[in-house]
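# Fold and geometry: a report
Listed here are the chains, written in short residue letters.
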Amino acid sequence: MKTYLDCIPCFFRQALAAAKMASTDETIHRRVLNAVALIIPDLALNATPPEIAQQVYRIVYEITGNHDPYKEAKRFANKSAMSLFAYMKDIVEDSIDSLETACKLAIAGNVIDLGAQAEYGNIRSIIEHSVGSQLDQEQYRKFKECVGQAALILYLADNAGEIVFDRILIEQLLQIKKSKIVFVVREKPIINDATLDDAVQVGLDKFATIISNGSNAPATILSQCSSEMLSYYQAADLIISKGQGNYESLSGRPENIFFLFKVKCPVITRDSGYELESLVLTSSKE
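Attention here is on the structure that accompanies the text. (Residues numbered from 1 in each chain as written. Predicted model: local features only at pLDDT ≥ 70, side-chain atom pairs only at ≥ 80, totals over all residues. Heavy atoms only, no water.)

Another aspect to go through is the sheet that holds strand β6 (residues 279–283). Overall, mixed pairing links the 6 strands, which are arranged β3-β2-β1-β4-β5-β6 in an open sheet. Each having just a single partner strand, β3 (209–212) and β6 make up the two edges of the open sheet. Shown here is a sheet whose adjacent strand axes are inclined to one another by a mean of 20°, direction ignored. On the sheet, helix α9 (residues 162–176) packs against β1 (152–156), β2 (180–185), β4 (238–242) and β5 (257–262) and is oriented at approximately 170° with respect to β2. Packing against the sheet, helix α11 (residues 227–235) makes contact with β1, β2, β3, β4 and β5, and its axis sits at approximately 125° to β1. (Pairing = 2+ DSSP bridges. Helix = DSSP H or I, 4+ residues; strand = E, 2+ residues; numbered from the N terminus. Axes fitted to C-alpha atoms, helices over the stretch in contact; angles between N-to-C directions. Contact = heavy atoms within 4.5 Å.)

Listed below in structure tokens is the structure:
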């Protein structure tokens, strides 16, 4: 997905929010915004939004000296989501179609995104609303067929906290077929994206092989990924791509990718065709 002009104000909003998380000094906040403004004229709009966001957050971290300003927010999100894990498991087990419900919950977790929005609200309310929402049934049918046939599933993670919802789906996938699941996180902290520590903290290492993608971009930018990640990417029978950032960096790819995310941005609405606030499960192969 290309970067739209409408993305540019969002980069400033994100830069200021991250600067405030990293420092209370308004002089530093101003320095961050000034530095971001300097790169705007030279931005290549044919780059994906996460590639530009990576530059923006690099500026924030260099100026503030804080390379993980969302550390506590991530820890809180993981803890809050884990406190509802048993509740979500009960919802899945009591549902008519447990895989579909697990997909809805995994997508619901995508609201825990401090890049797209400053706050995400009450997690229990988000769960209750999402379970009552509808997925594209044709896309879900394709997804279920692919799950049943896949020996190797590559699961591209997005945010801390959200990965607890991913665990719900992964446990359900393993009940359908004992596939090998490789769970991919970021190499280093970027916004509130999940890293290896986060995945281990919520117990995902019990159900999947966890690797980093070799990059600290808030997405999966293949040109920055490690050889290990790329080998799994090329060998996977099914790729599950979580979140808007991964959609932005991988939409249009020819691999067997299913994108799971919640639409939180009008630009994504325009690009994907799904309405704002929609729960999306859609294939890269139409």
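Bringing the packing of helix α1 (residues 7–22) against helix α3 (residues 49–64) into the picture now. Packed helices, taken two at a time, are described by the angle between their axes plus the distance between the axes. Between α1 and α3, the least distance of the axes is 10 Å, while the angle of their chain directions is 30°. The angle between the axes of α1 and α3 places the two elements in the roughly parallel class. Of the two elements, α1 crosses α3, and the hand of that crossing is right-handed. Here Cys7, Phe11, Gln14, Ala15, Ala18, Ala19 and Ala22 of α1 come into contact with α3, specifically with Pro49, Ile52, Ala53, Val56, Tyr57, Val60 and Thr64. (Parallel < 35°, antiparallel > 145°, perpendicular 65-115°, else oblique. Left-handed = near helix turned anticlockwise from the far one by under 90°.)

With respect to the secondary-structure elements, Ala86 resides in helix α5 (residues 85–93). On the basis of relative accessibility, which here comes to 51%, the residue Ala86 falls in the exposed class. (Buried < 20%, exposed > 50% of the residue type's maximum accessible area, 1.4 Å probe, protein only.)

Here we come to the nonpolar core. Core analysis: the biggest nonpolar cluster contains 51 residues, and Phe143, Leu169, Leu173, Phe183, Leu238 and Leu281 have the highest contact counts within it. When residues of this core are assigned to their parent elements, the largest contribution, 8 residues, is made by α9. With near-sequence residues (within four places) excluded, Leu169 lies in contact with Leu99, Ala102, Cys103, Ala106, Tyr155 and Leu260. Ile28, Ile52, Leu154 and Leu156 belong to the second-largest nonpolar core, a separate cluster that totals 47 residues. (Core = buried A, V, L, I, M, F, W, Y, C linked by side-chain atoms within 4.5 Å.)

The next thing to look at is α3. With 16 residues, α3 should reach 22 Å at 1.5 Å per residue; the first-to-last C-alpha distance of 22 Å fits that figure. The inward-facing, buried residues of α3 abut α1, α2 (26–39) and α12 (243–250). Positive phi appears at Gly65, one or two residues downstream of α3, with a value of about 75°. (Expected span 1.5 Å × (residues − 1).)

For helix α6 (residues 98–108), the tally of buried residues reaches 10 of 11 residues, placing the bulk of the element in the interior. A side-chain oxygen of the first residue of α6 lies 3.2 Å from the backbone nitrogen of Leu99; this N-cap is Asp97. (Polar contact = N/O pair within 3.5 Å; in protein donor to acceptor, adjacent residues only side chain to side chain.)

Time to look at the pairing of β6. It is a general feature of regular strands that their side chains alternate between the two faces of the sheet. Counting buried residues in β6 gives 5 out of 5 residues, a clear majority hidden from the surface. Side chains Leu279, Leu281 and Ser283 of β6 all project onto a buried face; the interleaved residues Val280 and Thr282 project onto the opposite face, where all are buried too. In this sheet, β6 lies alongside β5 in antiparallel orientation, the contact comprising 5 bridges. Looking across to β6, one finds that Lys262 is bridged to Leu279.

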